[in-house]
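Notes for the structure review
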Amino acid sequence: MCDVIVVGGGVIGLTLAWKLAEQGARVQLIEQRQVGREASWAGAGMLPPADLAVANSPVARLRALSHPLWPEWSAQIQSETGIDNGYQPCGALELAWSESGRKQLEAQLQSEGVSYLSLSGTDLKEFSPSLSPEIPFALHLPEMGQVRNPRHLSGLVAMCQTRQVEIIEGEPVVGFSTASGKITDVRTSHNTYQAERICLTTGAWSAPMGELLGLQIPVRPVRGQIVLLRKQPLPFTTILQQEEQYLVPRADGRILIGATMEEAGFVKANTVSGVSTLLQFAVQTVPELAKTEVERTWAGLRPGSPEGIPFLGRAKKWENLYYACGHFRDGLQLSTGTAVVMSELLLDRETSLDLSPYALTES
Ligand SMILES: Cc1cc2nc3c(=O)[nH]c(=O)nc-3n(C[C@H](O)[C@H](O)[C@H](O)COP(=O)(O)OP(=O)(O)OC[C@H]3O[C@@H](n4cnc5c(N)ncnc54)[C@H](O)[C@@H]3O)c2cc1C
């Protein structure tokens, strides 16, 4: 019997498995298909900052715990595995089309302790010459970072493997056996596994997973489409963000345009309206992109939670069941902090954050 079974091999499950194994736990990770191929693969990899001394919303506090770990953990992955996950503190411009929009953005950043510089007119033109002259204001966030999701996931798999995490792929978890308020068996399509503790990291599929255990986990799939452009030299090197839409420049001459927010069930298709909305946003923001080559498109399913706050904690109903799911639009950036607090919880240590704001409501 191992110490912990992690169900679900996205960025949340893989990072947690790594950190548990690093602290001496024997870990099995069970994935229904292939690890690191769902939302975590599809995301844009933006890593915004926050300051723990100032941030008071649950997401901002977890972000503040997570953000400073990225340079250190990325360097560790590179030195141990040789995999460069593309982590880069590239900065960002948050775009505002009106004075009131700019004030709103400033208030939001101040509430999270994020440092920024307000730009307009010739300062903005000099800072980012390719930006549309129609955009009157922007806030520069020097601490914004980015990571290349597929490379980071490969790095996580390698970190797990060197710490003897047993990764089991192609086996959906289909049921559990329970006795005396505990889970005794985890049943997959092929086998039965046992562990002292079980943690659900099943992303957008967490509601059906909870149902198998009589738990209501209010997580739903929220589709996000992305268009990838190829453009060299890059016309800009910081992330350009306007509310839910953004342009993320990659060092190898790619630009990601993201992302739609759609309730489309578990359908991961790209659509005409999704792709055209993204292309329109890109050209409106940086007009010269109109002539740029489209390389490919894709879509992923975010694990949407009602308030955008992830569910992190231990179930009341089953004493050896834990959960870390519902990271919605922020699962990459929050994966480091999530692994810290969840490994602390699973190993009976004091947690770095009070986890009560992240608890599931259980009847
Ligand atoms: C277009 C897009 C852009 C995004 N951009 C960003 C961004 O810039 N920054 C950011 O921080 N976040 C971003 N996100 C959000 C982020 O990608 C997600 O929050 C994060 O990937 C969630 O990770 P996860 O491990 O919970 O889920 P997933 O990566 O979906 O992993 C869950 C895993 O569980 C497995 N699973 C499910 N059911 C079972 C079962 N029964 N048995 C076994 N395995 C099972 C699945 O197969 C899957 O591999 C974006 C998402 C999308 C779609």
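Parameters and conventions
Residues numbered from 1 in each chain as written. Predicted model: local features only at pLDDT ≥ 70, side-chain atom pairs only at ≥ 80, totals over all residues. Heavy atoms only, no water. Pairing = 2+ DSSP bridges. Helix = DSSP H or I, 4+ residues; strand = E, 2+ residues; numbered from the N terminus. Domains from an automatic or database assignment. Contact = heavy atoms within 4.5 Å. Buried area = accessible area lost by both parts, 1.4 Å probe. Salt bridge = Lys/Arg side-chain N within 4 Å of Asp/Glu carboxyl O. Polar contact = N/O pair within 3.5 Å; in protein donor to acceptor, adjacent residues only side chain to side chain.

A few words now on the pairing of strand S9 (residues 173–179). With six bridges connecting them, S9 and strand S10 (residues 182–188) associate as antiparallel partners. Note that in S10 the partner of Phe176 across the bridge is Val186. From the end of S9 to the start of S10, which pair antiparallel, there are two residues, and Ser180 there has a positive phi angle of about 50°.

Examined at the domain level, the chain breaks down into domain 1 (2–84 + 149–219 + 306–358), domain 2 (92–142) and domain 3 (220–304). Of the residues lining the interface, 19 residues belong to domain 1; the matching set on domain 3 comes to 23 residues. A combined buried area of about 1700 Å² lies between domain 1 and domain 3, and 63% of that area is made up of carbon and sulfur atoms. Across the domain 1-domain 3 interface, the total number found is two salt bridges. For Lys268, the salt bridge identified is with Glu38, shortest N-O distance 3.0 Å. Counting the contacts that link domain 1 with domain 3 gives five residue pairs in polar contact (both at pLDDT 80 or more). If you list the elements that add at least two residues to the side of domain 1 that touches domain 3, you get helix H2 (39–42) and helix H7 (149–162).

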